[in-house]
Protein chains: 2
Amino acid sequence: MRMTNQREIILKELQKSRQHLTADELYERVKKFMPRISLATVYRNLETLSEAGIIGKLEISGRQKRFDYDVHVHDHIYCLQCHRVDNIEFGRNLVDHGSITSAQGYRITGYRIEFKGVCASCRKNPPQDKESTHE
Amino acid sequence: MRMTNQREIILKELQKSRQHLTADELYERVKKFMPRISLATVYRNLETLSEAGIIGKLEISGRQKRFDYDVHVHDHIYCLQCHRVDNIEFGRNLVDHGSITSAQGYRITGYRIEFKGVCASCRKNPPQDKESTHE
DNA sequence: CTTAGTGCAAACTGTTTGCAGAGGG
DNA sequence: CCCTCTGCAAACAGTTTGCACTAAG
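Residues numbered from 1 in each chain as written. Chains lettered and ligands numbered in written order. Predicted model: local features only at pLDDT ≥ 70, side-chain atom pairs only at ≥ 80, totals over all residues. Heavy atoms only, no water.

Participant: Any chance you could explain the overall build of chain A here in plain terms?
Facilitator: Within chain A, the secondary structure is distributed over four helices and seven strands. Along the chain direction, N to C, the helices and strands of chain A fall in the order α-β-α-α-β-β-β-β-β-β-α. With 135 residues in all, chain A has 47% of them scored as buried. Considering only contacts within chain A whose residues lie at least 6 apart along the sequence, 49% involve residues at least 24 apart. Accessible surface, chain A as shown: approximately 7,600 Å² in total, 49% of it carbon and sulfur. (Helix = DSSP H or I, 4+ residues; strand = E, 2+ residues; numbered from the N terminus. Buried < 20%, exposed > 50% of the residue type's maximum accessible area, 1.4 Å probe, protein only. Contact = heavy atoms within 4.5 Å. Areas by Shrake-Rupley, 256 points an atom, 1.4 Å probe, with all protein chains shown as cover.)

Have a look at this one:
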């Protein structure tokens, strides 16, 4: 894996954001430093970086992919109003690992927990448009 | 909500399948009885039925939507090889409900657990194509 | 009758890909 | 100098929408 200029900027921007950005959010940020970069390059690099285990890929139920600056095992919580995603540390502690190795013929290899709720800033701020609390 | 012919057949087919079908899988099945039905109608009806609480909508991380004949609260397990989805009953028992009401500023309103693994039939049958075990 | 629902085609969103040229090692 | 990576445009998959017509109640 070559460390190209675009690759490096994409990675740095994701890490410094400390957020779970989508490809196009990242594209917007990276464009400020590199106006001619293409969205395809952003997608390709995010894929490459996550395959290399340098970043995480986050597939929250039914929504756009997001990418995670933090690769250690943890769970996520997302806001039903603004769709931001945050890390949650205690998720794994809630689950009794021992009992989950198989069920109805499956060999279970893993699980994910996704919490949902309303984030601090959405709790303060009015939900401006009537249709923001879907799902 | 009118109970149209198409609505009724879509619902019946989903229920009798006892599976978690995607819109186009259902479309293929319904077409056998109603060859002129359109995919858009299937989408619209699945949406309507799930809003009415008659079926469930299943948004498994990063994949196509699936619809659930079973509306009672339960979790899901999906096969990494063939992507089928099954119900899992014991998921909720593993989690200590009490402690999850808030975290880092969020008001938590719910959570979902998604187990992954290899289903019984994929464990028997060879994984024919080399690229079947992605994610 | 009235108005929700339908079929069709076209639009849309998020993502991927083919290609010819550029630049990292 | 080679070959991975890039930018661009076009393709793609899943889903949604505008419209004029149909049918449920």
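Participant: Looking at this structure, I do not really get the protein's contact with DNA strand D. What am I missing?
Facilitator: In the vicinity of DNA strand D, 20 residues are found, and the nearest of them are Arg2(A), Gln6(A), Arg7(A), Arg36(A) and Tyr43(B). Looking at DNA strand D alone, sugar and phosphate atoms form 68% of those within 4 Å of the protein. Interatomic distance of 2.6 Å between a side-chain N/O atom of Thr41(A) and a phosphate oxygen of DNA strand D. With respect to DNA strand D, the side chain of Gln64(B) contributes an N or O atom lying 3.4 Å from a phosphate oxygen. (Near = heavy atom within 4 Å. Polar contact = N/O pair within 3.5 Å; in protein donor to acceptor, adjacent residues only side chain to side chain.)

Participant: Where do I start with the pattern of salt bridges in this structure?
Facilitator: A side chain with one charge can pair with a side chain of the opposite charge if their charged atoms come near. Here the structure, examined in full by the defined rule, presents 16 salt bridges over all chains. Notably, a salt bridge pairs Arg112(B) with Glu114(A), separated by 3.8 Å at the nearest N-O pair. Placement of Arg112(B) in strand 7 (residues 106–118) and of Glu114(A) in strand 7 (residues 106–118) is noted, with the two residues assigned to different chains. One network of salt bridges, with partners in common, ties together Arg112(A), Glu114(A), Arg112(B) and Glu114(B). (Salt bridge = Lys/Arg side-chain N within 4 Å of Asp/Glu carboxyl O.)

Participant: Teacher, can you tell me more about the sheet that holds strand 2 (residues 56–58) of chain B here?
Facilitator: Strand-to-strand pairing in sheets goes through backbone hydrogen bonds, with the strands running parallel or antiparallel. Residue and element names in this part refer to chain B. Pairing within the open sheet is antiparallel, and its three strands lie in the order 1-3-2. Looking at which strands have only one partner, the edges of the open sheet turn out to be strand 1 (20–21) and strand 2. Pairing geometry for strand 2 and strand 3 (residues 66–68), over three bridges, is antiparallel. Considered in strand 3, the bridge of Leu58 is made with Arg66. (Pairing = 2+ DSSP bridges.)

Participant: How should I be thinking about the relation of the copies chain A and chain B in this particular structure?
Facilitator: Two copies of the chain are present, and they differ by a rotation about an axis and a shift along that axis. With an RMSD of 0.1 Å, the fit of chain A onto chain B corresponds to turning through 180° and sliding 0.0 Å along the axis. What the superposition gives is, in effect, a two-fold axis relating one chain to the other. (Least-squares fit on C-alpha atoms with pLDDT ≥ 70 in both.)

Participant: Is there a simple way to explain the packing of helix 2 (residues 23–31) of chain B against helix 3 (residues 39–51) of chain B in this structure?
Facilitator: Two numbers describe a pair of packed helices, the interaxial angle and the distance between the axes. All names here are of chain B. Contact pair helix 2 / helix 3: the axes reach a minimum separation of 9 Å and the direction vectors enclose 120°. Relative to helix 3, helix 2 is oriented so that their crossing is right-handed. Across from Ala23, Asp24, Leu26 and Tyr27 in helix 2, the residues of helix 3 making contact are Leu39, Val42, Tyr43 and Leu46. When its residues are assigned to classes, the contact of helix 2 with helix 3 shows seven nonpolar, no polar and one charged. (Axes fitted to C-alpha atoms, helices over the stretch in contact; angles between N-to-C directions. Left-handed = near helix turned anticlockwise from the far one by under 90°. Nonpolar A, V, L, I, M, F, W, Y, C, P; charged D, E, K, R; others polar.)

Participant: Explain the nonpolar core to me, please; I cannot follow it from the model alone.
Facilitator: In terms of nonpolar packing, the biggest core is built from 24 residues, with Ile108(A), Phe115(A), Ile108(B) and Phe115(B) touching the most fellow members. Put simply, the parts of the chain that give this core at least two residues each are strand 4 (75–79) and strand 7 of chain A together with strand 4 (75–79) and strand 7 of chain B. Apart from the residues lying within four places of it in its own chain, the contact partners of Ile108(B) are Ile77(A), Ile88(A), Phe115(A), Lys116(A), Gly117(A), Thr101(B), Ser102(B) and Ala103(B). (Core = buried A, V, L, I, M, F, W, Y, C linked by side-chain atoms within 4.5 Å.)

Participant: Can you walk me through the sheet that holds strand 2 (residues 56–58) of chain A in this structure?
Facilitator: Here three strands make up an open sheet; going across it, the order is 1-3-2 (chain A) and the pairing antiparallel. Where the open sheet ends on each side, the last strands, each with one partner, are strand 1 (20–21) and strand 2 of chain A.

Participant: Help me understand the pairing of strand 5 (residues 85–88) of chain A in this model?
Facilitator: Each regular strand shows side chains that alternate between the opposite faces of the sheet. Residue and element names in this part refer to chain A. Side chains of strand 5 alternate between two faces, with Val85 and Asn87 and Asp86 and Ile88 buried alike. Judged from the four bridges that link them, strand 4 and strand 5 form a sheet pairing that is antiparallel. If you follow Tyr78 over to strand 5, its bridge partner there is Val85. The antiparallel pairing of strand 4 with strand 5 creates a hairpin that spans five residues between the two strands, and His83 there sits at a positive phi of about 65°.

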